[in-house]
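Here is how the chains run, residue by residue.
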Amino acid sequence: MNVLVLNCGSSSVKFQIIQTDLEAIKNDQDKMLAKGYLERIGSQAIITLQAIGQPPLRTAEPIRDHKAALNYIIRWINDPNTKIEGIKDLSDIHAIGHRIVHGAERFKKSILIDDEVIDQIEECIPLAPLHNPANLKGVYAARDVFPGVPQVAVFDTAFHSTMPEENYLYAIPYQLYRRFKIRRYGFHGTSHRYIAYRYRKIKGIEREQVNIITLHLGNGCSACAIKNGFSLDTSMGMTPLEGLVMGTRSGDIDPAIIEFLIHNEGTSIEEVFNVLNKRSGLLGISGLTNDMRDLLAEEQEHNDRRASLAINIFCNRIKKYIGAYLAELNGADAICFTGGIGENSPEVRRRCLSNLDFFGIKLDDELNEKAVGIKEMKISAPDSRIEVYVIATNEELLIARDTLRVILNVPRIW
Ligand code: AMP
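In this report, we go over the structure that sits alongside the text.

Criteria and cut-off values
- Residues numbered from 1 in each chain as written.
- Predicted model: local features only at pLDDT ≥ 70, side-chain atom pairs only at ≥ 80, totals over all residues.
- Heavy atoms only, no water.
- Phe/Tyr/Trp six-rings, centres within 6.5 Å; stacked < 30°, edge-to-face > 60°.
- Helix = DSSP H or I, 4+ residues; strand = E, 2+ residues; numbered from the N terminus.
- Buried < 20%, exposed > 50% of the residue type's maximum accessible area, 1.4 Å probe, protein only.
- Near = heavy atom within 4 Å.
- Polar contact = N/O pair within 3.5 Å; in protein donor to acceptor, adjacent residues only side chain to side chain.
- Areas by Shrake-Rupley, 256 points an atom, 1.4 Å probe, with all protein chains shown as cover.
- Nonpolar A, V, L, I, M, F, W, Y, C, P; charged D, E, K, R; others polar.
- Expected span 1.5 Å × (residues − 1).
- Contact = heavy atoms within 4.5 Å.
- Patch = residues over 30% accessible without salt bridge, like charges linked within 9 Å, V, L, I, M, F, W, Y side chains within 5 Å.
- Salt bridge = Lys/Arg side-chain N within 4 Å of Asp/Glu carboxyl O.
- Lys, Arg positive; Asp, Glu negative; His and termini not counted.
- Charge placed at Lys NZ, Arg CZ, Asp CG, Glu CD.
- Pairing = 2+ DSSP bridges.
- Axes fitted to C-alpha atoms, helices over the stretch in contact; angles between N-to-C directions.
- Core = buried A, V, L, I, M, F, W, Y, C linked by side-chain atoms within 4.5 Å.

1. Quick look at the packing of aromatic side chains
By the definition in use, this model includes eight aromatic pairs. Taking 5.7 Å as the distance between ring centres and 80° as the angle between the ring planes, the aromatic pair formed by tyrosine 199 and tyrosine 389 counts as edge-to-face. One end of the pair, tyrosine 199, is in helix α7 (residues 189-203); the other, tyrosine 389, is in strand β14 (residues 387-391), and 190 residues separate them in sequence. Accessibility expressed as a relative area gives 3% for tyrosine 199, which makes it buried. Of the residues examined, tyrosine 389 reaches a relative accessible area of 5% and is grouped as buried. Taking 5.7 Å as the distance between ring centres and 75° as the angle between the ring planes, the aromatic pair formed by tyrosine 321 and tyrosine 325 counts as edge-to-face. Of this pair, tyrosine 321 and tyrosine 325 both sit in helix α12 (residues 305-329), four residues apart, roughly one helical turn. Its relative accessible area of 14% is what places tyrosine 321 among the buried residues.

2. Quick notes on the site of the ligand
Near the ligand the following residues occur: Gly218, Asn219, Asn290, Asp291, Met292, Arg293, Leu296, Gly339, Gly340, Ile341, Asn344 and Ser345. The contact in question runs from an oxygen atom of the ligand to an N or O atom on the backbone of arginine 293, over 3.0 Å. Surface burial for the ligand is 71%, taken as the share of its 500 Å² of free accessible area covered by protein chains. Looking at the shell around the ligand, the element that brings in the most residues is helix α13 (residues 339-344), giving four residues. Among the residues forming the shell around the ligand, the class breakdown is three nonpolar, seven polar and two charged.

3. Section: helix α2 (residues 66-78)
Given a rise of 1.5 Å per residue, 13 residues ought to cover 18 Å, and the 18 Å separating the end C-alpha atoms of α2 matches this to within 8%. Looking at α2, one finds that the buried residues are His66, Ala68, Ala69, Leu70, Tyr72, Ile73, Ile74, Trp76 and Ile77. On its buried side, α2 packs onto β1 (2-9), β2 (12-19), β3 (31-39), β4 (44-51), β5 (57-62) and α4 (131-145).

4. Structural notes on a negative patch on the surface
A contiguous patch of negative charge on the surface is contributed by Asp114, Glu116, Asp119 and Glu122. What makes glutamate 116 exposed here is its relative accessible area of 52%.

5. Structural notes on the sheet that holds β4
Judged by pairing direction, the sheet is mixed, and its eight strands sit side by side in the order β5-β4-β3-β2-β1-β6-β8-β7 without closing on themselves. Bordering the open sheet on either side are β5 and β7 (111-112), each of which pairs with just one other strand. Against the sheet, α2 contacts β1, β2, β3, β4 and β5, and its axis sits at roughly 35° relative to β2.

6. Some details on the nonpolar core
Counting residues in hydrophobic clusters, the biggest one holds 44 residues, and the most contacted among them are Ile213, Leu215, Leu217, Phe314, Ile335 and Leu353. Looking at this core, the elements that each hand over two or more residues are β9 (212-217), β10 (221-227), α11 (292-302), α12, β12 (334-338), α14 (346-352) and β14. Broken down by element, this core gets its largest block of residues, 11 residues, from α12. Among the nonpolar cores identified, the runner-up in size contains 32 residues, and Ala34, Leu38, Ala141 and Val149 belong to it.

The values are spatial; any link to function lies outside them.
Written out as structure tokens, the structure is:
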């Protein structure tokens, strides 16, 4: 089955076409056939399209909305000059898998999209006012543009639906949970699930034997404590603002800061949240950039104090979560790094795990340096009490596999 995986943001569409079936999943032989990214939708869009094995095609064209973006992709697929392996035209796209950010308490696993499911995803909008409407734009457009092709929703929150009450409830009046469903939901669930799955494969163990901490460190960052194969706790909360320091998001802060800013700066509540979401984190501390690679370069080349500070606050927050999760899990077998930073920065990994001798965590410096842009690799020393891995995430692959399984109605095992 060829699955078009769509990840729609408010002004972007990321896609992959993945060939998969049950045999391919078993042997880990699913194939990415094409990928692309259309950004700045709504104006002059920047478009990158690539059939695997061919050079990427880069262009800029006005794209009005998400439907126009999907029509653009379709024209490219149908174009006889586009040579995607196994795909001649649109009839070779058999299903569509959508990344949906927030599934609230309603969606605990991936599901076939119908009118009722769309209504329910719409009902989740108050909990994710930035993300779900953007994801839904992709669903509406795909229904128009691919009539009759089955579509599946895969939720970022679903993997964390196993968290126990003591981890998902906030210590605020219980009625607020009852009335508004204010609670921790967690995000990046598909990524944490993929890393846990790969770890299980690497170790050749059963799901129930997976006791690890996963660290998804990209522009958005989150940590997850996985016990017996299930999410026990995670750092993002009701929204993706809580937890680790991120590119532009603050992560954990004292909520009283919000009132302080409103009273003392005369800032509106919207502006405060704009600051916390878009002007904090690495960018806010450094005053330079949200990009970790650039911060590391600034630190090294110009000895920039605030770049250093940003990186150290970022790494120290991760260390605190590792400590907390090791306590919650009563120890873990491994710590797994993923995401743009986790997969590519030996220096960040080194700082996150420095001075953790108490826990017996020891990196192999040489392996750590080597593990850049690789698929998966162990980077801990042989005598480290807790193993450390770098595992490249692949949310699109899990979305394609979930799509296949939902359509075939076979249970999801990972
Ligand atoms: P993502 O959101 O997963 O694409 O990750 C984006 C983040 O990964 C940005 O902060 C990048 O600077 C960071 N990143 C990518 N490559 C490197 C690298 N070689 N060293 C440090 N950070 C990197």
